[in-house]
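# Descriptive structure summary
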Amino acid sequence: MKQGFEGIELFERTFQQQIQKNGEVGELKYLFRKKFGDGPDEWPVEPNRYRLIWMPGCPYANKAVISWKILGLDKVISLGTTGILRSPKGWVFSEDPDEKDPVLGVHYLHDIYTRTYPDYTGRSTVPTIVDTVTGEAANNDHLYIPTYFATAWKAYHKKGAPELYPEELRPEIDELNAWILKRINSGVYTAGFARSQEAYEAGYRDFFEAMDELDKRLEDRRFLFGDYITLSDIHLYVTLVRFFVTYYQLFRVNRSRLQDFKNLWPYARDLYQTEGFRDYTFFDLIKRHYQTSPHLRALFGNVYGIYAKGPDVDVWELPHGREALSGKKEKFLIPGVQGGQGDANDNGLSKVEMLHQAIERAGAARTQGEYENYYQRVFYLLDDLDEQLEKSKFLNGNMLTEADEDLYEILARFDVIYYFDYRLNRNHIKDFKNLWRFVNEIHEISEFKKNTDLGKIKNDYYKGLSDVRNPYHIVPLGGEYL
């Protein structure tokens, strides 16, 4: 619902705690900053205890939600969503039945803040993590919430979750995240919220200097730290989206569009076209939030609450071509999966051993979720091994090793057993260019061909199934491709 227009006094009241003597709007001091952990003064890490509150237009809330989704914490931390328009009292759960959050039972996010600080009159902000046991806010420090999700909450990450905060890169990631916050996330607001020509021009200059620097950094690397997405990419992405859809016009940061940056523009599309990013990027809500929120209408003189029709967001689906910079299909560092055949994960398993384990667990799965998890892992590993064999005849070069023999045994059985009975039916092995070449070359070695009677292997397997698993003891005819 469109709200009536109120003058610039509304903007001044909203940000009164941040307006500085030089006319700039500074960073808000966050009330709730206690960490998650098992220490005496930390919030306990417990599943199904906390609720993450966000507003889809806010970049700070957006980066928390993208991290939460990518790591699979949506299974253990619930999500609450406010409306996109602030009331004089702050964020409102206007989209929920009876305009109350269904878990917290409050109309205003501000009500959560006053449970801890009854006299609090400042702004309530998103993201805010709320403890549903006490009803109090646990943390609203947007810079560190994604880091806590990547570290303190690691025990509850989904299986196969990526490493967004590699230990060896943490000091560099922390440094870059702080720089992105100052120069990009908050930096663009220095120009957009300026209350003088001088403040605007200073913010404008600093923002584009930082954008140019990032564009140059991405010249020869797919993501900010190389081949894989880290927390830093998430911190940057949320501002690039808003720069494209509204900051360029509304905040008057109009030296260059995002589309004019040689590397930042395809980089942004690469991220958008990634699970977790696209899922929580709502272009229309972002646009309507910035252009029709009462306090921002006041700042930009939008008396009638009209919001711009453009730009065309379909271009975010265009091919980006960034994979050429890494030569990899995957965008995330999955512990225990990346690396050469000799590499091992935390359990000492090679990729071939992990593949065998994932196949067996998919076949033994007792729930849909368990099956789907291992199904995805199986084909992730097959894709990875297929890519590895693009560069060499065998897994470790031109010499046949025990690892190759083990992989051959798996691949030989895949199309006749695993594809059908384990429901691993995304692809046959013959659909993988390099795996198919690999298994056939080994099969041509007389010793292997003699010991690989697929008809017998298939017959023994299906005849050996219990009466429950194969009531009529039927043996499928197809699948013998070697």
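Residues numbered from 1 in each chain as written. Predicted model: local features only at pLDDT ≥ 70, side-chain atom pairs only at ≥ 80, totals over all residues. Heavy atoms only, no water.

### A short note on the overall build of the protein chain
Our working rule: Numbering of helices and strands starts at the N terminus; helices are DSSP runs of H or I of at least 4 residues and strands are runs of E of at least 2. We call two residues in contact whenever any of their non-hydrogen atoms come within 4.5 Å of each other. Values of accessible area rely on a 1.4 Å probe in the Shrake-Rupley scheme; residue burial ignores everything except the protein chains shown. Neither His nor the chain termini are counted; the positive set is Lys and Arg, and the negative set is Asp and Glu. In this description, the location of a charge corresponds to atom NZ of lysine, CZ of arginine, CG of aspartate or CD of glutamate.
Counting secondary structure elements, the protein chain contains 17 helices and 4 strands. When contacts within the protein chain are restricted to residue pairs at least 6 apart in sequence, those whose partners lie at least 24 apart make up 70%. Total accessible area on the protein chain stands at roughly 22500 Å², and carbon and sulfur atoms take up 48% of it. The positive charge centre, built from 62 side chains, and the negative charge centre, built from 73, are 3 Å apart in the protein chain.

### A closer look at a negative patch on the surface
Definition in use: Nonpolar side chains (Val, Leu, Ile, Met, Phe, Trp, Tyr) within 5 Å and like charges within 9 Å form the patches, drawn only from residues with over 30% relative accessible area and no salt bridge. Throughout this description, the term salt bridge denotes a Lys or Arg side-chain nitrogen within 4 Å of a carboxyl oxygen of Asp or Glu. Relative accessibility thresholds used throughout: buried, under 20% of the residue-type maximum; exposed, over 50%; partly exposed, between the two (1.4 Å probe, protein chains only).
On the surface, a cluster of negative charge is made up of Glu 353, Glu 402, Glu 405, Asp 406 and Glu 447. When residues in the negative patch are grouped by element, the largest group, 3 residues, is from helix α14 (residues 402-421). Tracing the backbone shows Glu 353 in helix α12 (residues 351-364). Owing to a relative accessible area of 41%, Glu 353 belongs among the partly exposed residues under this scheme.

### Quick word on the pattern of salt bridges
In this structure the tally under the stated criterion is 25 salt bridges. Glu 317 serves as the salt-bridge partner of Arg 278, at 2.7 Å between the closest nitrogen and oxygen. Linking Arg 278 in the loop between α9 (264-272) and α10 (283-292) with Glu 317 in the loop between α11 (294-299) and α12, this pair joins segments that are 39 residues apart in sequence. Overall, the relative accessible area of 42% leaves Glu 317 in the partly exposed class. A salt bridge links Asp 384 to Lys 351, with the shortest nitrogen-to-oxygen separation between them at 3.1 Å. Of this pair, Asp 384 sits in helix α13 (residues 368-388) while Lys 351 sits in helix α12, and the two are 33 residues apart along the sequence.

### What to know about unusual backbone geometry
Between Val 126 and the following residue, Pro 127, the backbone shows a cis peptide bond with an omega angle of 5°. Here Pro 127 shows up in the loop between α3 (110-116) and β3 (128-131). One non-glycine residue, Arg 252, lies in positive phi territory at about 65°. The topology assignment puts Arg 252 in the loop between α8 (231-250) and α9. A relative accessible area of 41% places Arg 252 in the partly exposed class.

### A word on the packing of α12 against α13
Counted only if it meets this: Axis definition: a line fitted to C-alpha atoms, limited for helices to the stretch in contact. Angles are taken between N-to-C directions and run from 0 to 180 degrees. Should an angle fall under 35 degrees it is taken as roughly parallel, and over 145 as roughly antiparallel, whereas 65 to 115 is taken as roughly perpendicular and any remaining angle as oblique. The hand of a helix crossing depends on one turn: near helix anticlockwise from the far one by less than a right angle means left-handed, and clockwise means right-handed. Three categories are distinguished: nonpolar for Ala, Val, Leu, Ile, Met, Phe, Trp, Tyr, Cys and Pro, charged for Asp, Glu, Lys and Arg, and polar for the others, with Gly belonging to the last.
Across the interface, α12 lies against α13 with an axial gap of 8 Å and an inter-helix angle of 150°. Between α12 and α13, the angle is such that the two are roughly antiparallel. Where α12 crosses over α13, the handedness of that crossing is left-handed. Contact with α12, carried on its side by Lys 351, Met 354, Leu 355, Ala 358, Ile 359, Arg 361 and Ala 362, involves Tyr 371, Tyr 374, Tyr 375, Arg 377, Val 378, Leu 381, Leu 382, Asp 384, Leu 385 and Gln 388 of α13 and no other residues of that element. Among the residues making up the contact of α12 with α13, the classes are represented as 12 nonpolar, 1 polar and 4 charged.

### Some thoughts on the sheet that holds β3
Worth spelling out the cut-off: Two strands form a pair only when DSSP identifies at least two bridges running between them.
The 4 strands lie next to each other as β2-β1-β3-β4, forming an open sheet whose pairing is mixed. Where the open sheet ends on each side, the last strands, each with one partner, are β2 (78-81) and β4 (136-139). Sheet twist, expressed as the mean angle between neighbouring strand axes with direction ignored, is 40°. Where strand β1 (residues 50-54) lies against β3, 4 bridges are found, and the strand directions are antiparallel.

### Points about the packing of aromatic side chains
Stated formally: Side-chain rings of Phe, Tyr and Trp (the six-membered ring for Trp) are treated as a pair once their centres are within 6.5 Å; stacked means planes under 30 degrees apart, edge-to-face means over 60, and tilted covers the remaining angles.
Going through the model one piece at a time under the given rule, you end up with 45 aromatic pairs. Seen from their ring centres, Phe 36 and Tyr 148 are 6.1 Å apart, and the 65° between their planes marks the pair as edge-to-face. Separated by 112 residues along the polypeptide, Phe 36 in the loop between α1 (8-14) and β1 and Tyr 148 in helix α4 (residues 145-150) bring together distant segments of the chain. Pair check on accessibility: Phe 36 and Tyr 148 agree, each one buried. Geometrically, the ring pair formed by Phe 394 and Phe 438 is edge-to-face, given 6.2 Å between the ring centres and 75° between the ring planes. Of this pair, Phe 394 sits in the loop between α13 and α14 while Phe 438 sits in helix α15 (residues 433-443); the two residues are 44 residues apart in sequence, bridging distant segments of the chain. Relative accessible area serves as the criterion here: at 0%, Phe 438 is assigned to the buried category. In this structure an aromatic cluster arises from ring pairing among Phe 11, Tyr 189, Phe 193, Tyr 247, Phe 251, Tyr 290 and Phe 300.

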